[in-house]
Amino acid sequence: TVLGAGQAADEYGVRFLGVHTANTFTLLGGASLGVAMLPGEVASLSSSTMDGGASLGIGKGVTWTAASTLTMRGGEAVLGAAPATLALENGARATVFEDALTWTTVTMRGGSAMDWRAGGTVTTLTMETGAQLDKSGDARALTITNSTIDGDSCAVGDPLNSITWTNACTVKQS
């Protein structure tokens, strides 16, 4: 559990490396955590949680356990590895920077947002209450297999037509 950290020497107040499959974290307040963010670093993670004001970096050398969940109840994250389930709530913001990952379940709600700067696959996407998905900054192909989106309050930005919707999107409300 990271409650806070002193002045960061770089962008993260705490850096973590560890390869046990039971590794987990809870990141609170204004703390910042970098997990295997530097080239060649590796780590393993199980389900983890972060709260508002926190800052998280997950490097591409991170392996998530099969049934892992990253729950973001606010805060910001840059993600280079995909947990089985990613849940963004309460205005959480995430940036995906690693290409060709498979995201089994992504749920966004409560004004949360994702900036997708890579290609890859999302098996199930759910967007509710003001969520936003921005694919405008990257032309690599993103495939979304199943999706449910609140039509009244959510938005998907894809001006480069890089998203392929495999199945028809279910749109709630108007």
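Predicted, not measured: the structure shown is a model, and the values here were computed from it.

Conventions we followed
- Within each chain, residues carry numbers counting from 1 in the order of the written sequence.
- Thresholds applied to this predicted model are a pLDDT of at least 70 for local features of residues and 80 or more for the giving and counting of side-chain atom pairs; totals over whole chains, interfaces and linings are not thresholded and use all residues.
- In computing side-chain properties, one takes all heavy atoms of the structure into account and sets aside hydrogens as well as water.
- Only DSSP runs of H or I covering at least 4 residues are called helices, and only runs of E covering at least 2 are called strands; the numbering of each starts at the N terminus.
- Radius of gyration here uses only the C-alpha atoms, and the compact-globule reference equals 2.2 Å multiplied by the residue count raised to the power 0.38.
- Relative accessibility thresholds used throughout: buried, under 20% of the residue-type maximum; exposed, over 50%; partly exposed, between the two (1.4 Å probe, protein chains only).
- Counting rule for charge: Lys and Arg are taken as positive, Asp and Glu as negative, and neither His nor the chain ends is counted.
- A charged residue contributes its charge at one atom only: NZ of Lys, CZ of Arg, CG of Asp or CD of Glu.
- Only buried residues count toward a nonpolar core, which is a set of Ala, Val, Leu, Ile, Met, Phe, Trp, Tyr and Cys residues joined through side-chain atoms within 4.5 Å.
- Every residue pair with non-hydrogen atoms within 4.5 Å of one another is taken to be in contact.
- When DSSP locates at least two bridges between a pair of strands, those strands are taken to pair.
- Every axis corresponds to a line fitted to the C-alpha atoms, with the helix fit spanning only the stretch in contact, and the corresponding angles, defined between N-to-C directions, vary from 0 to 180 degrees.
- Salt bridges are counted wherever a side-chain nitrogen of Lys or Arg sits within 4 Å of a carboxyl oxygen of Asp or Glu.
- Under the pairing criterion, centres of Phe, Tyr and Trp rings, with the six-membered ring standing for Trp, must be within 6.5 Å; the plane angle then separates stacked pairs below 30 degrees from edge-to-face pairs above 60, leaving the rest tilted.

Novice: An account of the overall build of the protein chain is needed here, citing residue identities and associated values.
Specialist: Within the protein chain, the regular secondary structure consists of zero helices and 19 strands. Since a compact globule built from 174 residues should have a radius of gyration of about 16 Å, the 16 Å found for the protein chain is in line with a globular shape. When the 174 residues of the protein chain are sorted by exposure, 43% land in the buried category. A distance of 2 Å separates the average location of the 9 positive side-chain charges in the protein chain from that of its 15 negative side-chain charges.

Novice: Help me get a handle on the nonpolar core, residues and values and all.
Specialist: Core analysis: the largest hydrophobic core is formed by 42 residues, its most contacted members being L56, I58 and M114. Among the elements that make up this core, the one with the highest residue count is strand β12 (residues 101-108) (four residues). Discounting residues that sit within four places of it in the chain, M114 has contacts with L86, L88, A94, V96, V106, M108, Q132, L133 and D134.

Novice: Can you explain the sheet that holds strand β15 (residues 132-134)? Please cite residues and give values.
Specialist: In any sheet, the strands associate via hydrogen bonds between backbone groups, in a parallel or an antiparallel arrangement. Pairing in this open sheet of eight strands is parallel, and the strands run β1-β3-β6-β9-β11-β13-β15-β17 from one edge to the other. At either end of the open sheet lies a strand with only one pairing partner, and these are β1 (14-16) and β17 (155-157). When the angles between neighbouring strand axes are averaged without regard to direction, this sheet yields 10 degrees. Inspection of the sheet shows strand β9 (residues 76-79) paired to strand β11 (residues 93-96) by four bridges, in the parallel sense. The residue bridging V78 from the neighbouring strand is T95, located in β11.

Novice: Talk me through the pattern of salt bridges; I want residue IDs and the actual numbers.
Specialist: For the coordinates displayed, the defined rule picks out seven salt bridges. Between R117 and D115 there is a salt bridge; the shortest N-O distance is 3.0 Å. When salt bridges that share partners are traced, they join R73, E89, R109 and E128 into one network.

Novice: Describe the pairing of strand β8 (residues 69-73), with residues and values.
Specialist: As defined by bridge partners, strand β5 (residues 48-51) adjoins β8 across four bridges and the pair is classed as parallel. Opposite M50, over in β8, you have M72 as the bridge partner. As paired strands, β8 and strand β10 (residues 85-89) are joined by five bridges and run parallel to one another. In the sheet register, T69 faces β10, and the bridge partner there is T85.

Novice: Describe the environment of D115, with residues and values.
Specialist: Of note, D115 is situated in strand β13 (residues 113-116). Its relative accessible area of 19% is what places D115 among the buried residues. In this structure the C-alpha to C-alpha distance between D115 and S136, which are 21 residues apart in sequence, comes to 8.3 Å.

Novice: Hey, could you go over the packing of aromatic side chains for me, with residue numbers and the actual values?
Specialist: Applying the stated criterion across every chain yields a total of one aromatic pair. Between W103 and W116, the ring centres sit 5.6 Å apart and the planes meet at 70 degrees, which makes this aromatic pair edge-to-face. Separated by 13 residues along the polypeptide, W103 in strand β12 and W116 in strand β13 bring together distant segments of the chain. As far as the burial class goes, W103 and W116 line up, both buried.

Novice: An account of the side chain of T126 is requested, with residue identities and associated values reported.
Specialist: The topology assignment puts T126 in strand β14 (residues 120-127). What makes T126 buried here is its relative accessible area of 17%. Contact partners of T126, with chain neighbours within four places excluded, come to V106, T107, M108 and T148.

Novice: Talk me through the environment of L45; I want residue IDs and the actual numbers.
Specialist: Take L45: it is sitting in strand β4 (residues 43-45). Since its relative accessible area comes to 1%, L45 is described here as buried. A sequence separation of ten residues divides L45 from V35, and the C-alpha atoms of the two residues are 9.1 Å apart. Apart from the residues lying within four places of it in its own chain, the contact partners of L45 are F16, T21, N23, F25, V35, I58, V62, T63, W64, T65 and S68.

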